[in-house]
Each structure stands twice: as structure tokens, then as C-alpha cells.
Amino acid sequence: MSDTDLFQRPPAETPARPVNGFLLYALRLAIIAQAAGLVVAGSLAGQSVATDGAMAEAHVMAGLLIHLAGLLQLVLAVLVWRPGRGAGWPALASLVLFAAGMGQHFTWELLGAHLPNGIVMAGLSTALLIWSWSPGASRRR
């Protein structure tokens, strides 16, 4: 090894490409849809309690739309994670949200389980919403 080899810089690493912009943007939209749906469903639930169940059907319909948005979010989060090489925790969080949404359908009569589960869903959805618009969301792992 010569003296010039000791002072040479190592070869520069190729910069990592960002996560697919289309997939990330679609995931952001799905997260927004689910978060907005949770706000609407929570509002309708409160109105349903205040009006002796008059808004219960609207609350159920909002829950179904949240569940559909959650399924789309789960699929997109997995696509951002595996082929897109993005962060993996949003896919896991989306799976938990989807399972919690399923739990909401089974516990609709048990207010002691239904309400806390909805609050957990709102908190997790908010964490995903904040992450999805952060600069770290577009970095590959």
C-alpha cells in the first residue's frame, strides 16, 4: 500500500433515492381520510348520545367509511414499506388501526370498550398524520 492510498477518500456512496412520491402521497390522503372520518364519527357519536340515538345510523355509516379508508391505508402503508423501502412502523400502526376498527364493530353496544378504543384510534391516527407530512416520511430505510 502506498502513501497516496492512505490519503485517498473512500468512494462516495450513492445517495439514497426517496420513497416513491405517488405512493407516499396516496398514503397521506388515506391517512387524512381516516383521521377526518374519526373526527366526524366522534362528533356523530356525541350527537347521537345527546339526541337519544337519532344520529346513530350516521355514526355507523361513518364507521364503515373509516374502516374502508383504514383498509386502503393499510395496503398503501405496506406498499410504502416493502417495495418502497420506507418506514415499517406506519404499516404496523395501520394494521393496528384496522384491527381496532374491526373491534369497534364488535363492541358497539359496550360503551366501556367502544369509547376508549375510539380514543386510541384517534391518537394513533394523529401520530400517523404527523409522521406522513414530516420530512422523514420520504426517506428510505
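The residue numbers shown here count from 1 along each chain, following its written sequence. Note on the predicted model: pLDDT of at least 70 is required for a residue's local features to be given, and 80 or more for side-chain atom pairs to be given and counted; whole-chain, interface and lining totals, by contrast, use all residues. Side-chain measures here rest on the full set of heavy atoms in the structure, leaving out hydrogens and waters.

**Structural notes on the nonpolar core**
- In this structure, L27, I66, L76, V80, M121, L128 and W131 are the most contacted members of the largest nonpolar core, which totals 24 residues.
- By the criteria applied, helices consist of DSSP H or I runs no shorter than four residues and strands consist of E runs no shorter than two, each listed in order from the N terminus. Among the secondary structure elements, those contributing two or more residues to this core are α2 (21-50), α3 (56-81), α4 (89-106) and α5 (111-132).
- It is α2 that contributes the most residues to this core, 9 residues altogether.
- It only takes one pair of heavy atoms within 4.5 Å for two residues to be counted as in contact. Not counting residues within four places of it along the chain, the set of residues in contact with V80 comprises V19, L23, L24, L27, R85 and G86. The nonpolar core is taken to be a set of buried Ala, Val, Leu, Ile, Met, Phe, Trp, Tyr and Cys residues, with the residues joined through side-chain atoms within 4.5 Å. A simple rule labels every residue: compare its accessible area, found with a 1.4 Å probe on the protein chains alone, to the largest value its type can have, and call it buried under 20%, exposed over 50%, or partly exposed in between.

**Some thoughts on α2**
- To estimate how far a helix should extend, the number of its residues minus one is multiplied by 1.5 Å. Taking 1.5 Å per residue, 30 residues should reach 44 Å; α2 reaches 43 Å between its end C-alpha atoms and fits that length.
- Two N or O atoms count as a polar contact when they lie within 3.5 Å, although within protein this holds only if one can serve as hydrogen donor and the other as acceptor, and sequence-adjacent residues are included solely when both atoms are side-chain atoms. Where α2 begins, the capping side chain belongs to N20, and its oxygen is found 2.8 Å from the backbone nitrogen of F22.
- Count one or two residues on from α2 and you reach D52, which has phi positive near 55°.

**Here's the deal with the side chain of Q104**
- Along the polypeptide, Q104 turns up in helix α4.
- Once residues within four sequence positions are removed from consideration, Q104 is found in contact with A113, H114, N117, G118 and M121.

**Observations concerning the packing of α4 against α5**
- Relative to each other, α4 and α5 sit at 155°, their axes nearing to 10 Å. Between α4 and α5, the angle falls in the class roughly antiparallel. Crossing of α4 over α5 shows left-handed handedness. In this structure, α4 contributes W89, P90, A93, S94, V96, L97, A100, G101, G103 and Q104 to the contact, and α5 contributes A113, H114, N117, G118, M121, L124, S125, A127, L128 and W131.
- Three classes are used, and their members are as follows: Ala, Val, Leu, Ile, Met, Phe, Trp, Tyr, Cys and Pro are nonpolar, Asp, Glu, Lys and Arg are charged, and the others, Gly among them, are polar. Residues of the contact of α4 with α5, tallied by class, amount to 12 nonpolar, 8 polar and no charged. Axes, fitted as lines to C-alpha atoms, cover a helix only where it is in contact. Angles between the N-to-C directions of the axes lie from 0 to 180 degrees. Throughout this description, any angle smaller than 35 degrees is read as roughly parallel, any larger than 145 degrees as roughly antiparallel, any in the 65 to 115 degree range as roughly perpendicular, and the remainder as oblique. In this scheme the handedness of a crossing depends on how the near helix is turned from the far one: anticlockwise by less than a right angle means left-handed, clockwise means right-handed.

**Notes on the packing of aromatic side chains**
- Between the rings of Phe, Tyr and Trp (Trp by its six-membered ring), a pair exists once the centres lie within 6.5 Å; its type follows the angle of the planes, with under 30 degrees stacked, over 60 edge-to-face, and the other angles tilted. Following the criterion strictly, the structure yields 2 aromatic pairs and no others.
- The interplanar angle of 85° and the centroid separation of 6.5 Å between the aromatic rings of Y25 and W133 together place this pair among those described as edge-to-face. Taken together, the positions of Y25 in helix α2 and W133 in the segment after α5 put the pair 108 residues apart, joining distant regions of the chain.
- By relative accessible area, W133 is classed as partly exposed at 44%.
- Between the aromatic rings of W89 and W131, the centroid separation amounts to 5.8 Å while the plane-to-plane angle is 70°, which identifies the pairing as edge-to-face. With W89 in helix α4 and W131 in helix α5, this pair connects stretches of sequence that are 42 residues apart.
- Residue W131 is classed as buried on the basis of its relative accessible area of 9%.
- A ring is considered to have a charge above it if a Lys NZ or an Arg CZ atom is located within 6 Å of its centre and within 35 degrees of its normal. The ring of W133 carries the charged tip of R28 above its face, separated from the ring centre by 4.5 Å.

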